[in-house]
Amino acid sequence: MIDLRLLREHPEVVRSAYAKRGGVRGMDRVIELDEEYRARLREVEELRAEHNRASKAIGQSPPEQRPQAIAQAKALADRLKNTEPALEELTVTLDTAAAYLPNLPHESVPPGMSEDDNVVEREVGGAPELDFEALDHVALGERLGIFDGDRAVKTSGSRFVYLLGAGVMLELSLVRFTMDLLVEQGFTPIVPPVLVRKHAMYGTGFFPADEFEYYRVDADDLYLTGTSEVSIAAMRSDEILASEELPLRYAGFSSCFRREAGTYGKDTKGLIRVHQFDKIEQFSFAHPARSWDEYERIRANQEHILQALEIPYRVLVMCAGDLGSGAAKKVDHEAWLPGARRYLELTSATNATDYQARRLQVRTREEGGTKLVHTLNGTACAVSRTIVALLENHQRADGSVGIPRALQPYTGFDEIRPP
RNA sequence: GGUGGGGUACCGAAGUGGCCAUAACGGGAUCGCCUCGAAAGCGAUUGAGGGUUCACGCCCUCCGCGGGUUCGAAUCCCGCCCCCACCGCCA
């Protein structure tokens, strides 16, 4: 949800922001509806005031005057009953229409309509020099015996995987390495619930648009979260945060569940696209005046991690048309996979500004009132995809895979060899 | 799984049809007085959202949520959501 007051008072600001994505249909309709709504609201409130006065007068009037006073109040009550439904209807129409308006893209977001207009801002690390034929992560993982997708089909179906042996140690090491780094940056580690109520999915904006993407536990009417962002953001809903405690930084570690509906036949083997994976996510509640600094901090952490793991990557800035509805800016880091000879999205960082906070009602106290906070999220380490990138980039001719130096204190070994 | 109890402001809590909604009472917080300083004591302040106005202000809504009865609902009726306690089971 965007700020209707801004739209009302400065429609030209909203219009020019939306122009970057080729305009937003429905914007003018919302302006009209808002105007109609307020006109009708004034009408109803005036009636209510009159009715309140009439009702109150009854209690104080002498008994012989009561029948007349009651009749008078009743007439007003009837008029209200005839007027109020139209207001309610307008409220719903307005809210529904307004909910479709996407967040305003930040000034630094490139214009564009689709993913073709996304901008590669930088490439870091370059492709590694391999003097042998590089294998993709599926071949490497099978040879090393660190994951087993074929048997996971027996127990759970496609797109599930058993992680085994050194693969597990690698995961645990990545988790601890990432957590240590984030704690140093002022993030509080958190393991959130992965089953949440429906309102948490709505509040964070994943519902209703992407409802089909998530698992539902029918018997209890709970949903499996696709990212810890959901439970972390919803944790502070309906709260007014003290401005001294902002930014509130959380490093969430959880399993993530995605149905991957509509992706049949894409990345069916291996770890790239699985229904269940573990991820460490950065999430910040920031003061609205300082959220872009916070955004840069989150992005810097992402790059720091990729560099420490010696994974070559490129920085992809999403254009206005490819932002989704809640994001004011979104930047991805895509790792180069020498085996698969393609780029793979490893992290994504979003500043939702006040869009998500408005739904969740997370505010802070300001001089003379309250103000919505800004919410930001950014992947720190999506474990399975990070393992993919590590395997492909650190593979050697003899089939072994090296462990980057920064990770070795955590793994306790410096390479993984075929058994 | 069984049986009860409960959702009122920052927290606890009273309120069973108008005299109880900024909302009793207690606590907390903030400011002031007192003090060398503090504690204690005394005094004052302390919810959110919305409409309207240049402004002072005025008005509307909110007692878990949604309906109903009534001139009038925290209070009566119906439906839903959520929380807690005890027993049973359980890593």
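In case you missed it, the structure is sitting above this.
Just so it is clear, the structure is predicted and the values come from calculations on it, not from any experiment.

Before going further, it helps to spend a moment on the side chain of S254. Positionally, S254 belongs in strand β9 (residues 248-257). If we ignore the near neighbours within four places in the chain, the residues touching S254 are P192, V194, S228, F277, D278 and K279.

Strand order in the open sheet formed by eight strands is β1-β11-β12-β13-β16-β10-β9-β4, with mixed pairing between adjacent strands. The sheet is open, and its two edges are formed by β1 (119-124) and β4 (188-190), each paired on a single side. Each adjacent strand pair in this sheet contributes to an overall mean axis angle of 25°, direction not counted.

Another point: empty space enclosed by the protein. Leftover empty space is mapped by rolling, across the atoms, a probe with the size of a water molecule. For the structure on display, the rule yields one cavity of 30 Å³ or more. The volume enclosed by the largest cavity comes to roughly 30 Å³. Looking at the largest cavity, the residues that line it are I305, L306, L309, L346, T347, A380, C381 and T386. Sorting the residues of the lining of the largest cavity by element identifies α10 (291-308), β13 (342-351) and β16 (374-382) as the ones contributing at least two each. Of the residues that constitute the lining of the largest cavity, the class distribution is six nonpolar, two polar and no charged.

As a further point, take the sheet that holds strand β6 (residues 216-217). The strand order across the open sheet built from three strands is β5-β7-β6, with neighbouring strands paired in antiparallel fashion. Bordering the open sheet on either side are β5 (195-196) and β6, each of which pairs with just one other strand. Both β5 and strand β7 (residues 222-224) contribute to a ladder of two bridges, which runs antiparallel. Among the inter-strand pairings, V196 is bridged to a residue of β7, identified as Y223.

Time to look at the nonpolar core. In terms of nonpolar packing, the biggest core is built from 47 residues, with L174, L309, I311, L391 and L407 touching the most fellow members. Broken down by element, this core gets its largest block of residues, seven residues, from helix α7 (residues 166-184). Sequence-distant contacts of L309, that is, excluding residues within four places in its chain, are made with L174, F177, T386, L390, H394, P404 and L407. Core analysis: the next-biggest nonpolar cluster, separate from the first, contains 23 residues, I190, Y223, F285 and V362 among them.

As a further point, take the protein's contact with RNA strand B. Near RNA strand B, the surroundings consist of 20 residues, among which R5, I58, R197, R363 and T370 are the closest. Contact between RNA strand B and H51: a sugar or linking oxygen at 3.0 Å from a side-chain N or O atom of the residue. Between RNA strand B and R365, the relevant distance is 3.3 Å, taken from a phosphate oxygen to a side-chain nitrogen or oxygen of the residue. Counting only elements with at least two residues in the surface near RNA strand B, the list comes to α1 (4-9), α3 (27-60), α4 (66-99) and β14 (363-366). Counting residues per element, the surface near RNA strand B draws most heavily on α3, which supplies ten residues.

Attention shifts here to the state of the cysteines. With the rule as written, the count across this model stands at zero disulfides. Here C256 stays free of any disulfide, with the sulfur of C381 as its closest cysteine sulfur at 11 Å. Relative accessible area serves as the criterion here: at 2%, C381 is assigned to the buried category.

In this structure the tally under the stated criterion is eight aromatic pairs. Both rings, one in Y250 and one in F285, keep their centres 6.4 Å apart while their planes meet at 90°; by these two values the pair is edge-to-face. Of the two residues, Y250 is situated in strand β9 and F285 in strand β10 (residues 276-286); the sequence distance between them amounts to 35 residues. Here the two residues Y250 and F285 agree in accessibility, since each one is buried. Between the aromatic rings of W336 and Y343, the centroid separation amounts to 5.1 Å while the plane-to-plane angle is 65°, which identifies the pairing as edge-to-face. In this structure W336 comes out as buried when scored by relative accessible area, which is 15%.

On to the packing of helix α5 (residues 137-144) against helix α12 (residues 383-393). At their nearest, the axes of α5 and α12 sit 9 Å apart, and the two run at 85° to each other. Classed by the angle they form, the pair α5 and α12 counts as roughly perpendicular. Where α5 approaches α12, its residues H137, L140, G141 and L144 are matched on the opposing element by V388, L391 and E392.

For L316, the position within the fold is in strand β11 (residues 313-317). Classification of L316 by relative accessible area gives buried; the value is 9%. Along the chain, L316 and V331 lie 15 residues apart, while their C-alpha atoms are 5.7 Å from each other. In this structure, L316 is in contact with N118, V119, V120, K330, V331, D332 and E334, ignoring residues within four places of it in sequence.

As enumerated under the stated definition, the model contains 24 salt bridges in all. Note that R122 is salt-bridged to E121, the shortest N-O span being 3.5 Å. Given the relative accessible area of 40%, E121 is considered partly exposed. Three or more residues joined by partner-sharing salt bridges are found here, namely E121, R122, E296, R299 and E303.

We now examine α7. Under the 1.5 Å per step criterion, the end-to-end length of α7 is 27 Å for 19 residues, consistent within 8% with the ideal 27 Å. Here α7 has its buried residues at G167, L170, E171, S173, L174, V175, F177, T178, M179, L181 and L182. One or two residues past the end of α7 sits G186, with phi positive at roughly 90°.

On to the pairing of strand β12 (residues 329-337). For β12, the buried fraction is high: eight of the nine residues fall into the buried class. Judged from the nine bridges that link them, β12 and β13 form a sheet pairing that is antiparallel. Its bridge partner being in β13, K330 is matched across the sheet by T350. Between β12 and β13, which follow one another and run antiparallel, lie four residues, and R341 among them has a positive phi close to 55°.

What counts as what
Residues numbered from 1 in each chain as written. Chains lettered and ligands numbered in written order. Predicted model: local features only at pLDDT ≥ 70, side-chain atom pairs only at ≥ 80, totals over all residues. Heavy atoms only, no water. Helix = DSSP H or I, 4+ residues; strand = E, 2+ residues; numbered from the N terminus. Contact = heavy atoms within 4.5 Å. Pairing = 2+ DSSP bridges. Axes fitted to C-alpha atoms, helices over the stretch in contact; angles between N-to-C directions. 1 Å grid on protein atoms, 1.4 Å probe; cavity = no way out; pocket = protein on both sides within 12 Å on 5 of 7 lines; lining within 4 Å. Points joined across faces, edges and corners; volume = space filled by probe spheres on them. Nonpolar A, V, L, I, M, F, W, Y, C, P; charged D, E, K, R; others polar. Core = buried A, V, L, I, M, F, W, Y, C linked by side-chain atoms within 4.5 Å. Buried < 20%, exposed > 50% of the residue type's maximum accessible area, 1.4 Å probe, protein only. Near = heavy atom within 4 Å. Polar contact = N/O pair within 3.5 Å; in protein donor to acceptor, adjacent residues only side chain to side chain. Disulfide = S-S within 2.5 Å. Phe/Tyr/Trp six-rings, centres within 6.5 Å; stacked < 30°, edge-to-face > 60°. Parallel < 35°, antiparallel > 145°, perpendicular 65-115°, else oblique. Salt bridge = Lys/Arg side-chain N within 4 Å of Asp/Glu carboxyl O. Expected span 1.5 Å × (residues − 1).

Interpretation in functional terms is not warranted from these geometric data alone.
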